[in-house]
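Chain by chain, the residues:
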Amino acid sequence: YCIFEKASCFFRAPFLVRNIHMQWIFLGMAFVAGTLLSTQAAVNSQLGKSLNGQPLMAAFVSFLVGTVLLFAITLAKGQFGSISAMPQQIWWKWTGGIMGAFLVCSSIIVAPKVGVANMLLFIIIGQLLAGLLIDNYGFLGMPIKPIDLSKILGLGIVMVGMMVFFFGNKVLKS
């Protein structure tokens, strides 16, 4: 299953990668994406502030810039042939943009109020819980990856760590 390249299949979903070195490349990509999510929240919050406190306009500009970039890359790679398949897609495949818009708008509004790290704490909790459900039940066409004891223990440890991260300072001061 190729994500980016039809012929070479260089980029594959990590759960299908047999080569451990490639899996580390994908995990590195995920790590960079995580750092960009934090940075994006800060950048877009400052953009919103400089646009007279308009978070929706900041989100629009953010998506416009991303759309122009993706258009140029798609054009350069000659991948517009798949446009003909767009009308046949099931409705929920069109909701990713709505979810992205909500995430960007929320981060523009929330990050300056509670801080980027605290905001991301709750985003991560939501991501982990939703990810476990999607994996366990194979929602949205994803391969089933059953929840097991190690995932539950890992999630519990992460949750405890996140609670210490969020509330630890309050406990230590009292």
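For the structure given in this document, a descriptive report is provided here.

Calculation notes
Residues numbered from 1 in each chain as written. Predicted model: local features only at pLDDT ≥ 70, side-chain atom pairs only at ≥ 80, totals over all residues. Heavy atoms only, no water. Helix = DSSP H or I, 4+ residues; strand = E, 2+ residues; numbered from the N terminus. Buried < 20%, exposed > 50% of the residue type's maximum accessible area, 1.4 Å probe, protein only. Contact = heavy atoms within 4.5 Å. Areas by Shrake-Rupley, 256 points an atom, 1.4 Å probe, with all protein chains shown as cover. Core = buried A, V, L, I, M, F, W, Y, C linked by side-chain atoms within 4.5 Å. Phe/Tyr/Trp six-rings, centres within 6.5 Å; stacked < 30°, edge-to-face > 60°. Expected span 1.5 Å × (residues − 1). Patch = residues over 30% accessible without salt bridge, like charges linked within 9 Å, V, L, I, M, F, W, Y side chains within 5 Å. Salt bridge = Lys/Arg side-chain N within 4 Å of Asp/Glu carboxyl O.

Digging into the overall build of the protein chain
For the protein chain, the helix and strand inventory stands at five helices and zero strands. Ordered by position from N to C terminus, the α and β elements of the protein chain give α-α-α-α-α. The proportion of buried residues among the 174 residues of the protein chain is 18%. Residue pairs at least 24 apart in sequence account for 47% of intrachain contacts in the protein chain once pairs closer than 6 positions are excluded. Per element, the accessible surface of the protein chain, about 12600 Å² overall, is 74% carbon and sulfur.

Let's talk about the nonpolar core
Formed by L37, A41, A111, M119, L120 and I123, the largest nonpolar core amounts to six residues. Mapped onto this core, the elements with two or more residues apiece are α1 (20-50) and α4 (116-137). Per-element accounting of this core gives the leading share, three residues, to α4. Every residue in contact with A111, bar those within four places of it in the chain, is listed here: A41, S45, S106, V116 and M119. Core analysis: the second largest hydrophobic core is formed by five residues, A59, V104, C105 and I108 among them.

Some words on the packing of aromatic side chains
Summed over the entire model, instances satisfying the criterion amount to four aromatic pairs. Members of the aromatic cluster, joined through ring pairs, are F122, F166 and F167.

As for α1
Residues spaced three or four apart along an α-helix point in a common direction, a consequence of the helix completing one turn every 3.6 residues. In a regular helix each residue adds 1.5 Å, so 31 residues correspond to 45 Å; α1 covers 45 Å between its end C-alpha atoms and thus fits that length. Every buried residue belonging to α1 is among M22, F26, L37, A41, N44, S45 and G48, and all of these are buried. Those residues of α1 that are buried are in contact with α2 (55-77), α3 (96-114) and α4. Looking one or two residues beyond α1, the residue adopting positive phi is N52, at roughly 60°.

A closer look at a nonpolar patch on the surface
A surface patch of nonpolar side chains, amounting to about 580 Å² of accessible area, comprises F71, L75, F80, I83, M86 and W94. The residue I83 is located in the loop between α2 and α3 in this model. I83 sits in the partly exposed class, given a relative accessible area of 42%.

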